[in-house]
Amino acid sequence: MKPQFRRYRMKVLSILSLLFRFSLAASQICRDQSSCNNCLQHSQECVWCNNQNYTGSNCFERNATSDVASCGEQYIVNLISNLTVISNDEDVGSASQLNSSETIVNPEQVYLSTRANQVHRFNVSISIPFNYPLDFYYLMDFSCSMFDDLQTIQDLSPEIINTLESLTSNFKVGFGAFSDKETLPFTHEILEPFCADASIAGVSEHSSFNYIHYQSLTSNRDVFLERIKQLNITSNLDSPESTLEALMQAVVCTEVIGWRPTASHIVLLATDAPYHIAGDGKLTGALLPHDMKCHLSQLPDDTYQYDESLDLDYPSIGQIQHVMLQERIVPIFAIASNRSIEHFKDMREQLQLTSYIDELNPSSANILDLIREGYNSLAQNIELLLPTDIEGVNILVRPLCDQTSGVACTNIARGETASFEVSIEVTDCAAAQRKQNITLRYPFLAVSIDVELEVLCDCDCAMELERNSTTCNYRGDFVCARCQCDNTRGFGRSCECELEEGDDPNKDQGNGNNRCPIGLNNLMCSGNGNCTCNKCECKDDFEGDACENQCICANGCGGVSNGRCVCGRERNNPSCMCMEPFEGKFCNCTKDTSTCTANIEENIEANIEVNILCDVISNCILCLAVLWQWCM
């Protein structure tokens, strides 16, 4: 045989050996499961036999044809997973749709019923239209240090409108401002006004306020510009501002702000200061945790002011994340201070939402570029957001685009399509809700994919439970054609096995014939014995806890009817263990002396010499004992 062919044959044999071992391991995984629920939850390859007369392991692999036949097809319990994807009638990427204000997403709806530990995959495609509606809310810090920025915004307000119009013709714009809680130690009326820049410019200051909503979202350019001209700066004492309180009201007061359900929602937050966090409000006596509700009161000039400033604490970043995700708010952070921008980078990381951050130049001179770049960044980088509170279910998203960053498709131009692969797997039946709705979102657009999930973890037969069943010797419950034994009282297929002293009652004993030691060739009892009450009963000539030792004696101990070979502790020195009535080193001598004695008497009567007689019976110890007086 050529060496090359020999090496090829060895590789083939190695692969076949690995496949055989894998098959054995997979089979054993199913057969180790002792209940119907555990069986079907463990692997999609496992099925359960609900036949009381079946004597094998009730859980086995679904392609085990001999087991299926022995059980009977009608008794097989197998939960079947099913994935149904409902696609949009419109083609993703259709030119007529992309030129409109509608976003096309496929699929719109997904129905999934699944067993545990089974991965299901489907693709999601999102088209980016050219003229998608935009709601743009400018939220600005009105503390004294932002006086120059306010003047710039007032001067550039017409250009702000033009910039938004260049992004989409279907837009609305609104405006709000914030400072801090109107009490010590954050502000105090006696100390106001004290904004030097405002005094020098001859501009009167606004009395202190926390948050004021000045202009609801409007498409009327003149209304917005007129409102911006009327705004005045205010003052406060400390550096941090009530940024989170203002954000909360701008997000949750949907009717007052005017957020449209089918538009992109952007809040541009402009500030040069860090923000107060939850707990800081206690310094002012605002002891109640924020309730994430709208608290705006209308003023005579048709503006709205936050009216729970002195009672409610500042909201937490977690609360801000919750409401932003719920209302699809995408923030642009325009920060006019190197020191403060680090605070907002931390906030952005904690929010874990689609967002954009950049440095605002002195006096907000780059505000137009920042609006344009922020919008394009948000529109071109598409990421599906997953719910974070789904227990027992693992959801992963993989982008299928040419350019990606993490789980996002990047540099997707308007008119193009972003594609993703979504995989869903139930990993923990105990934690997973049996029926639930899961929503995958792309917050920048009014896009979501609803997944209706049904978790298949329970066998119907498990509902029919017979407690302390006679079938189980009153030591367990009979369910799904199988005894579920109380391990403190017994174990085995019919709970017939009793625990021995020292046995752990909390240990899973299985059905009593599938927890024996694994020995040679990775087989239970080495394939050389039967498993009874989780102990190996070895075949002839085999011994050991796993029947792993085979004993070979010289003459076979006289045959199976005379005795069996026993290794003992010294495997190199096996010996015969004789069965009645045989004895001797090789079990070839019988204790039955009747025949032997008769032969002696006959030989004596025949006058055979004693020394010859002794030679004839020398292999029989008892016969020698009879003639001891002659054979000395």
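Residues numbered from 1 in each chain as written. Predicted model: local features only at pLDDT ≥ 70, side-chain atom pairs only at ≥ 80, totals over all residues. Heavy atoms only, no water.

1. Regarding the overall build of the protein chain
Within the protein chain one finds 15 helices and 33 strands. Counting across all 632 residues of the protein chain, residues that qualify as buried make up 46%. Counting contacts in the protein chain only where the partners sit at least 6 residues apart, residues at least 24 apart contribute 65% of the total. (Helix = DSSP H or I, 4+ residues; strand = E, 2+ residues; numbered from the N terminus. Buried < 20%, exposed > 50% of the residue type's maximum accessible area, 1.4 Å probe, protein only. Contact = heavy atoms within 4.5 Å.)

2. Some words on the sheet that holds strand E2 (residues 59–61)
In spatial order, the strands read E2-E1-E3; together these 3 strands make up an open sheet with antiparallel pairing. Strands at the two margins of the open sheet, each flanked by one partner only, are E2 and strand E3 (76–77). (Pairing = 2+ DSSP bridges.)

3. So, the side chain of His-213
Inspection of the secondary structure assignment puts His-213 in strand E10 (residues 211–218). Taking relative accessible area as the criterion, His-213 reaches 1% and is therefore assigned buried. At 2.8 Å, the side chain of His-213 forms a polar contact with the side chain of Tyr-137. Excluding residues within four positions of it along the chain, His-213 makes contact with Tyr-137, Phe-175, Gly-176, Val-256, Ile-257, Leu-296, Thr-303 and Tyr-304. (Polar contact = N/O pair within 3.5 Å; in protein donor to acceptor, adjacent residues only side chain to side chain.)

4. Examining the sheet that holds strand E23 (residues 465–466)
Overall, antiparallel pairing links the 3 strands, which are arranged E23-E24-E25 in an open sheet. Of all the strands in the sheet, just E23 and strand E25 (482–485) have a single pairing partner and so form its edges.

5. Let's talk about the packing of aromatic side chains
Evaluated as defined, the whole model comprises 9 aromatic pairs. A centroid spacing of 5.2 Å and a plane angle of 70 degrees characterise the contact between Tyr-275 and Phe-344, whose relative ring orientation is edge-to-face. Here Tyr-275 is found in the loop between strand E11 (264–271) and strand E12 (296–298), whereas its partner Phe-344 is found in helix H11 (residues 338–351), with 69 residues between them in sequence. Using a relative accessible area of 11% as the deciding quantity, one classes Tyr-275 as buried. One aromatic cluster in this structure is built from Tyr-138, Phe-142, Phe-175 and Tyr-214. One cation-aromatic arrangement involves Lys-181 over Tyr-314; the distance from NZ or CZ to the ring centre is 4.7 Å. (Phe/Tyr/Trp six-rings, centres within 6.5 Å; stacked < 30°, edge-to-face > 60°. Lys NZ or Arg CZ within 6 Å of the ring centre and 35° of its normal.)

6. Comments concerning the pairing of strand E21 (residues 435–442)
Residues Gln-436, Ile-438, Leu-440 and Tyr-442 of E21 are buried on one face, while the alternating residues Lys-435, Asn-437, Thr-439 and Arg-441, pointing to the opposite face, are not. Strand direction decides the pairing type here: E21 and strand E22 (residues 447–456), joined by 8 bridges, are antiparallel. Each residue of the ladder has a partner; that of Thr-439, found in E22, is Asp-450. Hairpin connection from E21 to E22: 4 residues lie between these consecutive antiparallel strands.

7. Some remarks on helix H12 (residues 367–380)
Taking 1.5 Å of rise per residue, the 14 residues of H12 would be expected to cover 20 Å, and the 20 Å separating its terminal C-alpha atoms lies within 8% of that figure. Here H12 has its buried residues at Ile-367, Leu-368, Leu-370, Ile-371, Gly-374, Tyr-375, Leu-378 and Ala-379. The arc that holds every buried residue of H12, seen down its axis, measures 165 degrees, which confines them to one face. (Expected span 1.5 Å × (residues − 1). Arc of directions from axis to C-beta.)

8. Considerations on the packing of helix H10 (residues 317–327) against H11
Contact pair H10 / H11: the axes reach a minimum separation of 9 Å and the direction vectors enclose 55 degrees. On the basis of their axis angle, the class for H10 and H11 is oblique. By crossing handedness, the relation of H10 to H11 is classed as right-handed. Judged by residue contacts, Ile-317, Ile-320, Gln-321 and Met-324 of H10 engage Met-347, Gln-350 and Leu-351 from H11. Across the contact of H10 with H11, the residue classes break down as 5 nonpolar, 2 polar and no charged. (Axes fitted to C-alpha atoms, helices over the stretch in contact; angles between N-to-C directions. Parallel < 35°, antiparallel > 145°, perpendicular 65-115°, else oblique. Left-handed = near helix turned anticlockwise from the far one by under 90°. Nonpolar A, V, L, I, M, F, W, Y, C, P; charged D, E, K, R; others polar.)

9. Considering the state of the cysteines
Under the defined criterion, the tally for this structure stands at 16 disulfides. At a sulfur-sulfur separation of 2.0 Å, the disulfide partner of Cys-461 is Cys-480. Sign of the S-S torsion, about 100 degrees for the bond between Cys-461 and Cys-480, identifies this disulfide as right-handed. Taken together, the residues span a long stretch of sequence, with Cys-461 in the loop between E22 and E23 and Cys-480 in the loop between strand E24 (476–479) and E25 at a distance of 19 residues. Summarising the burial analysis for this pair, Cys-461 and Cys-480 share the class buried. Between the sulfur atoms of Cys-485 and its disulfide partner Cys-495 the distance amounts to 2.1 Å. Measuring handedness by torsion sign, the sulfur bridge of Cys-485 and Cys-495 sits at about -95 degrees and is left-handed. (Disulfide = S-S within 2.5 Å.)

10. A closer look at the pattern of salt bridges
Inspection of every chain in the model, using the stated rule, returns 14 salt bridges. One salt bridge connects Glu-421 with Arg-121, and the closest N-O pair in it is separated by 3.9 Å. Of the two residues, Glu-421 is situated in strand E20 (residues 417–426) and Arg-121 in strand E7 (residues 119–127); the sequence distance between them amounts to 300 residues. Arg-489 is the partner of Asp-486 in a salt bridge, and the nearest nitrogen-oxygen pair spans 3.9 Å. A relative accessible area of 30% places Asp-486 in the partly exposed class. Classification of Arg-489 as partly exposed rests on a relative accessible area of 37%. Among the charged side chains, a network of salt bridges with common partners joins Arg-31, Glu-61 and Asp-67. (Salt bridge = Lys/Arg side-chain N within 4 Å of Asp/Glu carboxyl O.)

11. Structural notes on the nonpolar core
Counting residues in hydrophobic clusters, the biggest one holds 76 residues, and the most contacted among them are Ile-126, Tyr-138, Phe-142, Phe-175 and Leu-268. Excluding anything up to four places from it in sequence, Phe-175 contacts Tyr-137, Tyr-138, Met-140, Phe-142, Ile-153, His-213, Tyr-214, Gln-215, Phe-224, Ile-228 and Leu-231. Ranked by size, the runner-up nonpolar core spans 37 residues in total, among them Tyr-137, Val-256, Tyr-275 and Leu-312. (Core = buried A, V, L, I, M, F, W, Y, C linked by side-chain atoms within 4.5 Å.)

12. Structural notes on the packing of helix H8 (residues 243–252) against H10
Packed helices, taken two at a time, are described by the angle their axes make and the gap between the axes. In contact at an axis separation of 10 Å, H8 and H10 are set at 20 degrees when each is read in the N-to-C sense. With respect to each other, H8 and H10 are oriented roughly parallel. Once H8 is placed against H10, the crossing between them reads as left-handed. The residues of H10 that touch H8, namely those facing Leu-244, Leu-247, Met-248, Val-251 and Val-252, are Ile-317, Gln-319, Ile-320, Val-323, Met-324 and Glu-327.

13. Concerning H10
Listed as buried for H10 are Ile-317, Gln-319, Ile-320, Val-323 and Met-324. Taken around the axis of H10, the buried residues stretch over an arc of 155 degrees, which confines them to a single face. If you follow the buried residues of H10, they end up packed against H8, strand E14 (329–335) and H11. Downstream of H10 by one or two residues, Arg-328 has phi in the positive range, about 60 degrees.

14. Some words on the side chain of Gln-319
In this fold, Gln-319 is placed in helix H10. Owing to a relative accessible area of 17%, Gln-319 belongs among the buried residues under this scheme.

15. Regarding the environment of Val-110
Position of Val-110 relative to the elements: it lies in strand E6 (residues 109–115). Taking the C-alpha atoms as reference points, Val-110 and Thr-84, separated by 26 residues in sequence, lie 5.8 Å from one another. Those residues in contact with Val-110 that lie beyond four places of it in its chain are Leu-83, Thr-84, Phe-122, Ile-449, Asp-450, Val-451 and Glu-452.

Geometric descriptors of this kind do not, in isolation, establish any biological role.
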